[in-house]
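In case you want the letters, here they are:
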Amino acid sequence: MARIRAFENAAEEASRGGVSAFGAAAAAAEVRVRGPLHLSTGQEAVAAGVCANLAPTDLLTSTHRGHGHSIAKGASLERMMCELFGRANGTNRGKGGSMHIADFSVGMLGANGVVAAGIAIAVGAAHALRLRGERAVVACFFGDGAVNRGPFLEGLNWAAIHRLPVLFVCEDNRWSATTPTAAMTAGEGALARARGIGVDGLAVDGNDVFAVDAAAAALLSEVRAGGGPRFLHAVTYRIKGHVSVDAAAYRDGKEVARALENDPLALAAARLGETEVRRILDEAQAEVQRALQVAAAAPWPDRASAYADVQDTGAGRWLG
Amino acid sequence: MARIRAFENAAEEASRGGVSAFGAAAAAAEVRVRGPLHLSTGQEAVAAGVCANLAPTDLLTSTHRGHGHSIAKGASLERMMCELFGRANGTNRGKGGSMHIADFSVGMLGANGVVAAGIAIAVGAAHALRLRGERAVVACFFGDGAVNRGPFLEGLNWAAIHRLPVLFVCEDNRWSATTPTAAMTAGEGALARARGIGVDGLAVDGNDVFAVDAAAAALLSEVRAGGGPRFLHAVTYRIKGHVSVDAAAYRDGKEVARALENDPLALAAARLGETEVRRILDEAQAEVQRALQVAAAAPWPDRASAYADVQDTGAGRWLG
Amino acid sequence: MARLSYAEAACAALERAMRDDARVVVLGEDVGRGGIFGQYRGLQERFGAGRVIDTPISEATIMGAAVGMALAGLVPVVEMRVVDFALCAMDEIVNQAAKARFMLGGQARAGLVARMPIGLWSGSAAQHSQSLEAWFAHVPGLAVVAPATPQDNYALLAAAIACGDPVAYLEHKELWSLAGEVAEDAAVPLGRAAVLREGGDLTLVAWSRTVHAALEAAAQAQRRGIGVEVIDLRTLWPWDRDTVLASCARTGRLLVAHEAVRVGGFGAEIAAEVAETLGIRVKRLGSPRIPVGYAKPLEDEARVDAARLLAAIESFG
Amino acid sequence: MARLSYAEAACAALERAMRDDARVVVLGEDVGRGGIFGQYRGLQERFGAGRVIDTPISEATIMGAAVGMALAGLVPVVEMRVVDFALCAMDEIVNQAAKARFMLGGQARAGLVARMPIGLWSGSAAQHSQSLEAWFAHVPGLAVVAPATPQDNYALLAAAIACGDPVAYLEHKELWSLAGEVAEDAAVPLGRAAVLREGGDLTLVAWSRTVHAALEAAAQAQRRGIGVEVIDLRTLWPWDRDTVLASCARTGRLLVAHEAVRVGGFGAEIAAEVAETLGIRVKRLGSPRIPVGYAKPLEDEARVDAARLLAAIESFG
Ligand SMILES: Cc1ncc(C[n+]2csc(CCOP(=O)(O)OP(=O)(O)O)c2C)c(N)n1
Ligand SMILES: Cc1ncc(C[n+]2csc(CCOP(=O)(O)OP(=O)(O)O)c2C)c(N)n1
Ligand SMILES: [Mg+2]
Ligand SMILES: [Mg+2]
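The paragraphs below set out a description of the structure included in this document. (Residues numbered from 1 in each chain as written. Chains lettered and ligands numbered in written order. Predicted model: local features only at pLDDT ≥ 70, side-chain atom pairs only at ≥ 80, totals over all residues. Heavy atoms only, no water.)

1. What to know about the packing of helix α3 (residues 59-71) of chain D against helix α5 (residues 90-103) of chain D
Residue and element names in this part refer to chain D. Rules: Geometry is summarised by axes, namely lines fitted to C-alpha atoms with helices restricted to the contacting stretch, and by angles between N-to-C directions that run from 0 to 180 degrees. The helix and strand labels rest on DSSP assignments: H or I over at least four residues marks a helix, E over at least two residues marks a strand, and numbering proceeds from the N terminus. Roughly parallel means an angle under 35 degrees; roughly antiparallel, over 145; roughly perpendicular, 65 to 115; everything else is oblique. A contact between two residues is defined here by any heavy atoms of the two lying within 4.5 Å. Residues are grouped as follows: nonpolar covers Ala, Val, Leu, Ile, Met, Phe, Trp, Tyr, Cys and Pro; charged covers Asp, Glu, Lys and Arg; every other residue, Gly included, is treated as polar.
At a minimum axis separation of 9 Å, α3 and α5 run at an interaxial angle of 10°. Regarding the angle of α3 to α5, the classification is roughly parallel. Across from Ala 60, Met 63, Gly 64 and Val 67 in α3, the residues of α5 making contact are Glu 92, Ile 93, Gln 96 and Ala 97. Residues belonging to the contact of α3 with α5 are distributed by class as follows: five nonpolar, two polar and one charged.

2. What about the site of ligand 2?
As a reminder of what qualifies: Residues are classed as near a molecule or strand on a simple rule: at least one heavy atom within 4 Å of it. Under this definition, polar contacts are N or O atom pairs within 3.5 Å; protein pairs additionally need one hydrogen-donor-capable and one acceptor-capable atom, and for neighbouring residues in sequence, both atoms have to be side-chain atoms. The protein chains shown are the only cover counted for residues, whose accessible areas, like all others here, come from Shrake-Rupley with a 1.4 Å probe.
Among the 20 residues in the neighbourhood of ligand 2, the closest are listed as His 64, Arg 65, Asp 144 and Asn 173 of chain B together with Glu 59 of chain D. Neighbouring residues of ligand 2 are not confined to one chain but are distributed across chains B and D. Contacts to ligand 2 include Arg 65 of chain B, whose side-chain N or O atom sits 2.7 Å from an oxygen atom. Val 115 of chain B places a main-chain nitrogen or oxygen 3.0 Å from a nitrogen atom of ligand 2. A total of 570 Å² of accessible area belongs to ligand 2 in isolation, and the protein chains cover 97% of it.

3. Describing the coordination of the magnesium ion (ligand 3)
Note the threshold: With water excluded from the atoms, a metal site may look incomplete; its donors are any N, O or S atoms within 2.8 Å, or within 3.2 Å for Na, K and Ca. Per-residue accessibility, obtained with a 1.4 Å probe over protein chains only, is compared with the maximum for each type, and a residue is labelled buried under 20%, exposed over 50%, and partly exposed between these values.
Donor atoms from the polypeptide that coordinate the magnesium ion (ligand 3) comprise Asp 144 of chain A (OD), Asn 173 of chain A (OD1) and Trp 175 of chain A (O), at 2.1 Å from the metal. In this structure Asp 144 of chain A comes out as buried when scored by relative accessible area, which is 4%.

4. A few points about the side chain of Asn 148 of chain A
Along the chain, the position of Asn 148 of chain A falls in the loop between β2 (138-143) and α7 (150-161). Of the residues examined, Asn 148 of chain A reaches a relative accessible area of 1% and is grouped as buried. At 3.1 Å, the side chain of Asn 148 of chain A and the backbone oxygen of Met 184 of chain A are in polar contact. What Asn 148 of chain A contacts, discounting residues up to four positions off in sequence, is Met 184, Thr 185 and Arg 193 of chain A, Leu 153, Glu 154 and Asn 157 of chain B together with Pro 56, Ile 57 and Ser 58 of chain C.

5. A word on the relation of the copies chain C and chain D
So the rule is basically this: Fitting of the copies onto one another was done by least squares over C-alpha atoms, counting residues only where both copies have pLDDT of at least 70.
By a simple turn and slide, chain C fits onto chain D: the slide is 0.0 Å along the axis, the RMSD is 0.0 Å, and the turn is 180°. Seen this way, the second copy is the image of the first under a two-fold rotation axis. Interface overlap between copies: 100% of the residues of chain C at the interface are likewise at the interface in chain D, consistent with a symmetric, same-surface contact.

See below:
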C-alpha cells in the first residue's frame, strides 16, 4: 500500500508539468509523465489485500486505473515509472503508457483502456490455464462502472458455466468518471448482480486491507479448490479526480472529507506500530525517488521501434 | 394462435421448393419463400397471450423468430406473406424478409437478425414514449439464448434506472440454435438473472395461453401504473428445427414427443368447444390460403427501389 | 458572430437545435456535467436531465437505445466519447442504425447523430487515438462528417441534426480548444467541401485536423514556388466530388492526406476515383499501418504533419 | 489429394492443425454439432468438448476470451458465424486482439484466427450479407485472408493458424459447398496472390467469391478478343503488391472487383496504389453503396457478377 501511494503521488506530480526536482528545463524537455493518468490513490487496500493472496504464477487483469494492481502483483516500480515517462525500458517499451501497463514476468496481463474489456481476457486466460492443466488462478479487477457493461454479464456467465478459476474483484469507488455510479445502476448492487448470473462471493470494506485480505483468502481458497469463479465486492473511494487533470469539483466536500478520514493507509497504520509504519513509508518513498531518477534519465524509444511488434505477417510493408 | 400456426405451416411449406398447389413451374419461377425461416411453431401461446394485453398504440420489438409476435400484434397476414415472398407490397417492400418484418402501423417495430439487439431498441422506444409524455408501453420479446448477450444486462439496467414502461418477455424454448441453452447459462435462470439486475417479474408455462395472458396482464398493469419494467419468463418449446432447413436430428425424440403432447393449441382447444375450435382453425386456414394467393401473384420490387430509402444525405450518389 | 472554441461551437449548435426542436435529445456518459471535453457544457442545466440524459457505461445500449428513440420519433445526439469506444456499439451503428430505414422498407428511419471523436490525443496511445472515418464511409445508410474549424463544427452539427439520417459525426480530440469566429447564420450543407486556399500546381485534399497541417504545408510550398490548392472535404459521405474533380482537372495533381492509417483509408477512395475519372497523377499520405504508441517518438511516427505533407508535395517533382 | 468442399477443406485443415499442435482450440456457438455450415464437422467427437468449445451467444466474450487464451499460450480458432455478428465483438478484435502485442511492447501476442464469413447468402438480407474485409485491412496488427477455393481454404487456414498473428479469416457463405481437389501438401504462404489466368490486355484483381465471376468474365472477354489476366489476391493484408504491379506494368490496365460496397472498399486501396506507382488507368467495380435487400431483384443489385465485370472490362475501350 505504501509503495502504491508513493508511486501515485510521484506520478501525479510528474504529470503536472514535470518533476519539480528536475527543474523547468526538464519539464520543457518532456521529462515527465505523458498523457492521462488514472490514479488509484485511496484504493490501495483492494489491490494489496487481494494480491497478497496471489502467487507469481497466478495471473491478473486490470483497468485504466491499474498502477496499484501492477505494483501489488510485483511489477517493478522502476520499469513502471519508465513506462509512464514513455521510455524504451518501460514495462511496455514506451508503447503502452499508464493505461496499458503490463508485466508478464509477474503474471500481470495488462491494464486496459476500455472499461470491462479485461473481464473477457481474464476469463479466457483462466480457460487456458484449465486446458493446459495448470493450477494457477486469475484475479480480474474492474470498477463499479464496469458492472453496467455487457461484458460483465457475458464474462461471469462464461466463467460460471465452465467453473473457471477466476476471482472477480469489483473495486467500487462509487464513481464512474464524473457520474455517481449508484444513479446508473439498478438492483441490489454488484454482488447481487453477480449472484443473479451465477457467481457467488463476498462484500467487504475495501479500505480495510485486513478485511480485504481475509475475504480474498477465503474466496481464493474456494476458487483454488475447483469451486469455480467467485466475486469480491470491495467498497472504497477515489480520493483524486477521475483523471490527473480532473479537480473533481463536482463532488460533495463532505463526501471527500469522510473518505480522507477513512484513508486505508491510516487505518492500517493504526494497527501497526508507529516506527514500523514510518520505516515502510520511508522505504517506499526512497524506492519511488530512485524510480523517478531512472525514468528521467532513461532513453527514448527510437522511431524505428514504432514498426516493431505490430505483426509478423507482412512485416516491413507498413508504409505500403 | 390458430392464425400463427396456419401461417407458420404455410410459410414452411412455401419455403420448401415452392407451394405445391402452384406446381413445379411456380417453384422454378421463385414463387416461394426465400431465405432462412425461423418458425415459431409450438410457441404461439407466448405471442398470443402477451399481445392480447397490448393496445394498437403499444409498441413491440421482436427477434429472428418473429412471425408470431407480428401476427399477434395485428400485422396483416397478407402483407407478411408478401414480404416472405420478397414482393413489392410486403410489409417491408421486399427489403427485409422474415428476419426484419415490421409493421409500424400496428406498433410492431421490427424483427431483428441479431440476437438481443431488439432489447436496446425497445428500451430506447420506451424512453421516447416517456419523454413524449405518451402512455403506451413496449413489449420486448427475446429468446433464452439472448440472456447470455451483453445487451440483456445493459438494456434491463437502463430500463430499471429510468423506470421505463417495458415488459421484457423471455420466450424460453430451451434451445439456442443447435445448443441446449441450459448448458450455456449459469445461475438460477432468466428471472433470477433479471432480478439481479433490478427487474422483477413472473415465470409462467408458456404453452398455456391463459396463464401467459394472466401473467402478462398482471405485469403490464404494474408497468402501466408507472412501476417500471417487468420481466416475464415463459417456458415453451421449439417444435421445429432452428431454421426451416434444420431437421433438428440432434434432439432427443422423447423430448420432442413430450412437447407435442403439450402443444399450446391442443391445450387451449381442450378449454374451448369442439365446434368453436374447428371454426377458428378453418378461418385461419382460409385467411392464410388467401395470403398465399396474393403473395404468389404480387409484383416484384423493381431494381431501382434498391436505391430508395437508403438515406437522403447524398441520395443518388450510390454508384460513386 | 462570436469567438468560440471548437467544443463551444458544437455546444452552441446543440443548444440552438434543442431550443428549436423538442425532439432533439442528448444521451451519453457524463453529459450531465458537460461532457469530459466540455462539449455539452450547460445543456443539462438548461434543458433538464430528461433531455440531456446521463447514461450507464453501456455503449452498445446507448447507441441501441438511440435507434429505438429515433424509430419512436426523437432525434438523438449520441455521445460515444471517442470512436475507439464506439467499437463497443458497432452492431448498433452498422446493423441497426445504418440499415434500419432500408430494411424496414421506409416505414421509419433512425435519424441520429453519433458523436465519435477521432484522432491522436497526445499521450493516449493505441486505444484512444484511432481515426475510423473510412469504416463509416463504407457503410450504406450513414453520412460521415469531420469538421476542422469551430465555424464548421457549429454549422455541420446543425446540419447533421437536421438531416434525418444517421450521421457519423467525427470531431477531432486535438481540436476541442481551437478558437475561431463563428457566425450563427452561416449554413454549411452536408456534402459541400471548402476551398481554403487556391493554387494551380497541385490539389491537396484533407479533413479534420489534417486541414491545419495542409494549410501550413501549402504556405511553405508557396515559398518554394509550388501553388497548392487546399480543399477541406468536411463531409466524407457524401463527398464533394465535383469540387475535387474540378480542382484536379485544373492542377493535374492530387494529394490526399489524412491522419487515419494510409492502408484502406478514405484517401484511397478519393485517389482511386480521381485516377479513374481524370487519369491524372495521384498520391496519398496517411499514418503508417501501425498502432499509435504512447511515447512521443512513437506517437509522432503516426502524425501527419506539415513537414511530411511538404515532402509529399515535392515528391511529385 | 482428395475432392473436398470448401467447408470440408477448412475442417480438414483444422483437424490437422489440432492433431499437430495441442495449443490449437476452437470456440464458438454450435461448433460442437459441427457448426451450422458443417465447417467443424466431427471435430468435437475427435478432440473433445475441452478443445472444441461450445459457447453461449456472447460474441464479445468469445472474441475477448480468445484474446485471453492467446495471451496465456493457446492458439484459438474463433467462430463468429458471419462477419455481421462480429460487429458485436469489434472492440475485442480491434482494440484488444489487433493491438495487444504492440501495446504490450512485445511481451505477448494475441495470435488467433477469427473466422468471420462474408458475402451474400441468398435471401438473407442486410444483416447477414456484408463484406467488411476493407475494415480489417485498415487495422494495424491484423492479417486478412479471403480464400476462393477449397484448396486455398485448406492451405490458408493452416497458414493462418501457424502465423502467430491475429487473422481476420473471411470465408464466403456462398462457397461452402463448392467442391475441388485439395492437396494436403500444397502450402500457400500468406501474402501471395495466384495468377489464375494469363492475359495481356488487362489485369483483373479479385478475391473470395468474385474470383469465380472474374474467371467467367475473362473467358467471355477472350471470345471478344480481350486478354484478361485474372489475379486472385487471396490475402488482403499483406497483399501481393509485386505480383499485381508486375501484371499491371505489362497490361497497362487494372480492374479491381469485389462484392463489398465499392465506396471505401479495398479495391480503392489497390487502385490508388497502382495509380500512384505506375500511373496507368485503373477502374473499380463493387457493390453500389446500398444495404443488401431481401427480394431477389434487390439482392441481385448488390451482386458483382460476370456480366457486370464484362461491362467494366469493355469500358476501358
Ligand atoms: C467502454 C468504455 N466506455 C467509456 C470509457 C471512458 N471511461 C474511462 S474510465 C470511466 C469510468 C469507469 O468507472 P469505473 O468502472 O467505476 O472505474 P473507475 O474509473 O472508477 O476506477 C469511463 C466512463 C472507457 N474507457 N471505455
Ligand atoms: C449476435 C448473434 N449471434 C448469433 C446469431 C445466430 N443465431 C441466430 S438465432 C440463434 C439462437 C438464438 O437462440 P434464442 O435466443 O434462444 O432464440 P430462438 O432461436 O430459440 O428463438 C443464433 C445463435 C445471431 N443471429 N446473432
Ligand atoms: Mg468507479
Ligand atoms: Mg431459444
